[in-house]
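Residue-level structure breakdown
Residues per chain, in single letters:
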Amino acid sequence: MEARVWSGVLLVSVALVALLSVTPAAADEVEKVLTLDHSNFSDIVSNHSFIVVEFYAPWCGHCKSLAPEYEKAASILSSNDPPIVLSKVDANEEANKELASEFQVQGFPTIKILRNGGKNIQEYNGPREAAGIVDYLKKQAGPASTEIKSVEDAAGLVDEKKISIVGVFPKFSGEEYETFWALAEKLRSDYDFGHTLDAKLLPKGESVSKPTLRLFKPFDELVVDFQDFKVDALEKFIEESTIPIVTVWDSNPNNHPYINKFFGGSDDKALLFVTFNKEKDAFEAKYKNVATLYKGKGISFMFGDADVTQNAFQYFGLKPEQAPLLIIQTKDGQKYLKANIEPDQIESWVKDYKEGLLKPFIRSEPIPEVNNEPVKVVVRDSLQDVVFNSGKNVLLEFYAPWCGHCKSLAPILDEVAISFEKDPNVLIAKFDATANDVPSDTFDVQGFPTVYFKSASGKLSQFEGDRTKEGIINFIETNRDDKPSQSTSAKTESTKSESVDEDVKDEL
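Residues numbered from 1 in each chain as written. Predicted model: local features only at pLDDT ≥ 70, side-chain atom pairs only at ≥ 80, totals over all residues. Heavy atoms only, no water.

With the rule as written, the count across this model stands at 17 salt bridges. For the salt bridge of Lys186 with Glu235, the shortest nitrogen-to-oxygen distance reads 2.8 Å. Remark: Glu235 occurs in helix H9 (residues 231-241) and Lys186 occurs in helix H8 (residues 175-187); sequence separation between them is 49 residues. Under the relative-accessibility criterion, Glu235 is labelled partly exposed at 23%. (Salt bridge = Lys/Arg side-chain N within 4 Å of Asp/Glu carboxyl O. Helix = DSSP H or I, 4+ residues; strand = E, 2+ residues; numbered from the N terminus. Buried < 20%, exposed > 50% of the residue type's maximum accessible area, 1.4 Å probe, protein only.)

With that settled, the discussion passes to the nonpolar core. One finds Leu272, Tyr287, Phe301, Phe303, Leu326, Ile346 and Val350 to be the most contacted residues of the largest nonpolar core, which totals 22 residues. Considering each element in turn, this core owes the most residues, 5 residues, to helix H11 (residues 276-293). Beyond its immediate chain neighbours, meaning those up to four positions away, Phe303 contacts Val246, Thr247, Val248, Trp249, Leu272, Val274, Phe276, Lys280, Phe283, Glu284 and Tyr287. (Core = buried A, V, L, I, M, F, W, Y, C linked by side-chain atoms within 4.5 Å. Contact = heavy atoms within 4.5 Å.)

Take a negative patch on the surface next. Taken together, the side chains of Glu373, Asp414, Glu415 and Glu470 make up a negatively charged region of the molecular surface. Along the chain, Glu415 falls in helix H15 (residues 404-419). (Patch = residues over 30% accessible without salt bridge, like charges linked within 9 Å, V, L, I, M, F, W, Y side chains within 5 Å. Areas by Shrake-Rupley, 256 points an atom, 1.4 Å probe, with all protein chains shown as cover. Lys, Arg positive; Asp, Glu negative; His and termini not counted. Charge placed at Lys NZ, Arg CZ, Asp CG, Glu CD.)

Chain-level pLDDT for the protein chain is 87 on average; 89% of the residues reach the 70-or-more range. pLDDT under 50 marks residues 1-5. Its contacts with residues more than four places away, or in other chains, come to 14 contacts. For the stretch residues 485-508, pLDDT sits under 50, and the model shows 85 contacts to residues farther than four places along the chain or on other chains. (pLDDT = per-residue confidence, 0-100.)

Within this structure, the stated rule accounts for 31 aromatic pairs. Considering the side-chain rings of Phe180 and Phe193, the 6.0 Å spacing of their centres and the 70° angle between planes classify their relative orientation as edge-to-face. Pair noted here: Phe180 is in helix H8 and Phe193 is in strand S8 (residues 192-196), with a separation of 13 residues, a long-range link. A single burial state applies to Phe180 and to Phe193, both of which are buried. Ring pairing ties together the aromatic residues Phe169, Phe172, Tyr177, Phe180, Trp181, Phe193 and Phe229, which thus form one cluster. If you follow Lys297 out to its NZ or CZ, it ends over the ring of Tyr294, 5.9 Å from the centre. (Phe/Tyr/Trp six-rings, centres within 6.5 Å; stacked < 30°, edge-to-face > 60°. Lys NZ or Arg CZ within 6 Å of the ring centre and 35° of its normal.)

Contact pair H11 / helix H13 (residues 346-354): the axes reach a minimum separation of 9 Å and the direction vectors enclose 30°. Relative to H13, H11 is oriented roughly parallel. The handedness of the crossing between H11 and H13 is right-handed. Every residue of H13 that contacts H11 at Phe283, Tyr287, Val290 and Leu293 is listed here: Ile346, Glu347 and Val350. Classifying every residue of the contact of H11 with H13 gives 6 nonpolar, no polar and 1 charged. (Axes fitted to C-alpha atoms, helices over the stretch in contact; angles between N-to-C directions. Parallel < 35°, antiparallel > 145°, perpendicular 65-115°, else oblique. Left-handed = near helix turned anticlockwise from the far one by under 90°. Nonpolar A, V, L, I, M, F, W, Y, C, P; charged D, E, K, R; others polar.)

As summarised here, the arrangement of the 5 strands in space is S11-S13-S12-S14-S15, forming an open sheet in which the pairing is mixed. A single partner strand is all that each edge strand has here, and the edge strands are strand S11 (246-249) and strand S15 (335-339). For this sheet, the mean angle separating the axes of adjacent strands, direction not counted, is 20°. Taken together, the 5 bridges between strand S14 (residues 325-329) and S15 define a ladder with antiparallel strand orientation. By the bridge assignment for S15, Gln329 is matched with Lys335. Its contacts with the sheet put helix H10 (residues 256-264) on S11, strand S12 (268-274) and strand S13 (299-305), and the angle it makes with S11 is roughly 120°. (Pairing = 2+ DSSP bridges.)

As structure tokens, then:
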């Protein structure tokens, strides 16, 4: 759940709506983007060695901005030699949802590049404006790596503002060379690759006598060499080398790719938020020293400008006046925080965290003083008492205020609650999962709405039936037992969470 929520913090949910004009010329332009659905998808994709597919939903706003850029790029690329085809699928259409699930679409827009008739699938990680789309896809349609024969070739590939990877070889053959090409094909959507016979052509680095992977980056050490050509070792080297010792979260768009990588990483995450125009100099060096101390020890570090990262404060349920604020979030979603921290306190506080001396921070809204609506409000601080210790059969909805499906379900749950109003053994409740921490060891909330049922005896199961008044009532009557348990613990029978069509992807 945490990875998804952070995606929601960082990316904005979007969709594609094609605007049709009455003029024939405009109609022809719109048709440059192929419309695919469940009935023609396989046939069309199988006939293309390279095709771009956008999965969208008509209700999302930012794809309305993307639409003319995508259309313009499609028009330009249709004249490429060979033509590059752009297409779209309405993933919100009921008949196309199975197709969207097959391609692991969790938010909009999701853009995929399909190669070899759909046998090879990669994420589109390029720009969202027409010129950038065109340049990115032209590179993706060509070879995965570009041969560097001159200093000019190297200058065209290695950009001091981004990461570039070059394979240096004594000859263009052999096991290491083949492994390099396999790596380039796999990671081509993320990085620009080149290969050369002469390391002297490259802007940085020493001459080498054996196969070498040379990684150029705009932070920390600017060039790093690696010579272990086992696939797993190469991938690990790239993963570790392409995340800064301290990732910076500010208004500079050049930092945004590293922010995404930071939150997508598997380490625990330390986030220090200060006001850059007042406190950056006082904290920066000492924070980086601590980050360097813990490099490779299971914790990644981010340094954020409190004036730019208000959505992070909202996510944690914190206030800007608590900055300078240091937060550590673990892989399983637990959070530890130190508000109004001083620079000299950082190292000892992180040390205490690593030694298990800190208590986790659990976010909860206040327990409501008045709770007299048909559907009762549950917060994290009241979850144990209302759900597990009540001795009642409780239907609990985990929702997000922005979720359209949750809004549709709300009046239905009201009707269900009214139906059980005179039954003292049944309670219908809701839990705002954006304002309260969900205990991930008990509930598997991967999307919204997610609905669980706890019987009076403590049996916990997930509701996955029809979201109708009759369907929910029937589920409750089938699963209730009216036998209070002496135990306050609960074990999950089904933890398969329903995916949500409106899961948010924010664009930076």
